[in-house]
Amino acid sequence: MNHSLPDVGALHERDLPPYQVVLAETDWRSLQTAFGSGEDLPGVLARLLEPDAKVQVSALSELGELVGHQNTLYEATAPVAMYVAGILTHPAAMTLRPYRDVPIRATLLNWLAYTAYDASDEIVGRTEQ
């Protein structure tokens, strides 16, 4: 018996631009974050691939403040989410998170899930009210 969900409209890894392309070809300076321009985002995103898990966790926390502050979406949120989705299969995503013994990938997936929730029509509608 197959319990898999239907694949209707699902996004596949091959549908995403490579994370290197997102990083290099996005005009980060022109995108707004919670605290101004996104010019610092390339450095923060690159730190997600550092081998030191504490550096990765710090970068993820910084991203949360820059593009998800108070559950608000900013112009830079979508390309950041594309980059994060693109690095899920990178070996650095398997680095164990300090004190939790789970791969950083779990934290990245959690961040993506919360970001997708915040972007849902229902939540955006509530926020606009």
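What comes next is a walk through the structure. Here the structure is a predicted model, which is why all the values come from computation and not from measurement.

A few words on the packing of helix α4 (residues 77-86) against helix α5 (residues 104-119). The N-to-C vectors of α4 and α5 enclose an angle of 150°; their axes lie 10 Å apart at closest approach. The handedness of the crossing between α4 and α5 comes out as left-handed. Residues T77, V80, A81, V84 and A85 of α4 lie in contact with α5, whose contacting residues are L108, W111, L112 and T115. When its residues are assigned to classes, the contact of α4 with α5 shows 7 nonpolar, 2 polar and no charged.

All told, the structure shown has 1 aromatic pair when counted by the stated rule. Summarising the aromatic geometry, the rings of Y19 and Y83 are spaced 5.7 Å apart at their centres and angled 85° between planes, so their arrangement reads as edge-to-face. Here the residue Y19 occupies a position in helix α1 (residues 19-25), and Y83 occupies one in helix α4, the gap between them amounting to 64 residues. In this structure Y83 comes out as buried when scored by relative accessible area, which is 1%.

Here the largest pocket defines a volume of roughly 300 Å³. G64, N110, W111, Y114 and T115 are, among the 17 residues lining the largest pocket, the residues nearest its centre. Secondary structure elements with two or more residues in the lining of the largest pocket: α3 (53-68) and α5. Taken together, the residues that form the lining of the largest pocket break down as 6 nonpolar, 8 polar and 3 charged.

In an α-helix, one full turn covers 3.6 residues, which means residues spaced three or four apart are oriented alike. Between its first and last C-alpha, α3 extends 21 Å over 16 residues, near the 22 Å set by a 1.5 Å rise per residue. Buried within α3 are the following residues: A53, Q56, A59, L60, L63, L66 and V67. Taken around the axis of α3, the buried residues stretch over an arc of 145°, which confines them to a single face. Residues of α3 that are buried sit in contact with β1 (32-33), α2 (41-47), α4 and α5. Capping of α3 at its N-terminal end is provided by D52; its side-chain oxygen lies 2.8 Å from the backbone amide nitrogen of K54. Remark: Q70 follows α3 within two positions and exhibits a positive phi of approximately 55°.

Topologically, L31 is positioned in the loop between α1 and β1. Note on L31: relative accessible area 16%, which makes it buried. The spatial distance from the C-alpha of L31 to the C-alpha of A76 is 5.2 Å, given a sequence separation of 45 residues.

Turning our eyes to something else, we now look at the pattern of salt bridges. Side-chain pairing between opposite charges can occur once the charged atoms of the two side chains come close. Tallied over the entire structure, the rule returns 2 salt bridges. In this structure, E39 engages R29 in a salt bridge whose closest nitrogen and oxygen atoms are separated by 3.3 Å. Taken together, the positions of E39 in the loop between β2 (36-37) and α2 and R29 in the loop between α1 and β1 put the pair 10 residues apart, joining distant regions of the chain. Residue E39 is classed as partly exposed on the basis of its relative accessible area, which comes to 43%.

Parameters at a glance
Residues numbered from 1 in each chain as written. Predicted model: local features only at pLDDT ≥ 70, side-chain atom pairs only at ≥ 80, totals over all residues. Heavy atoms only, no water. Axes fitted to C-alpha atoms, helices over the stretch in contact; angles between N-to-C directions. Helix = DSSP H or I, 4+ residues; strand = E, 2+ residues; numbered from the N terminus. Left-handed = near helix turned anticlockwise from the far one by under 90°. Contact = heavy atoms within 4.5 Å. Nonpolar A, V, L, I, M, F, W, Y, C, P; charged D, E, K, R; others polar. Phe/Tyr/Trp six-rings, centres within 6.5 Å; stacked < 30°, edge-to-face > 60°. Buried < 20%, exposed > 50% of the residue type's maximum accessible area, 1.4 Å probe, protein only. 1 Å grid on protein atoms, 1.4 Å probe; cavity = no way out; pocket = protein on both sides within 12 Å on 5 of 7 lines; lining within 4 Å. Points joined across faces, edges and corners; volume = space filled by probe spheres on them. Expected span 1.5 Å × (residues − 1). Arc of directions from axis to C-beta. Polar contact = N/O pair within 3.5 Å; in protein donor to acceptor, adjacent residues only side chain to side chain. Salt bridge = Lys/Arg side-chain N within 4 Å of Asp/Glu carboxyl O.

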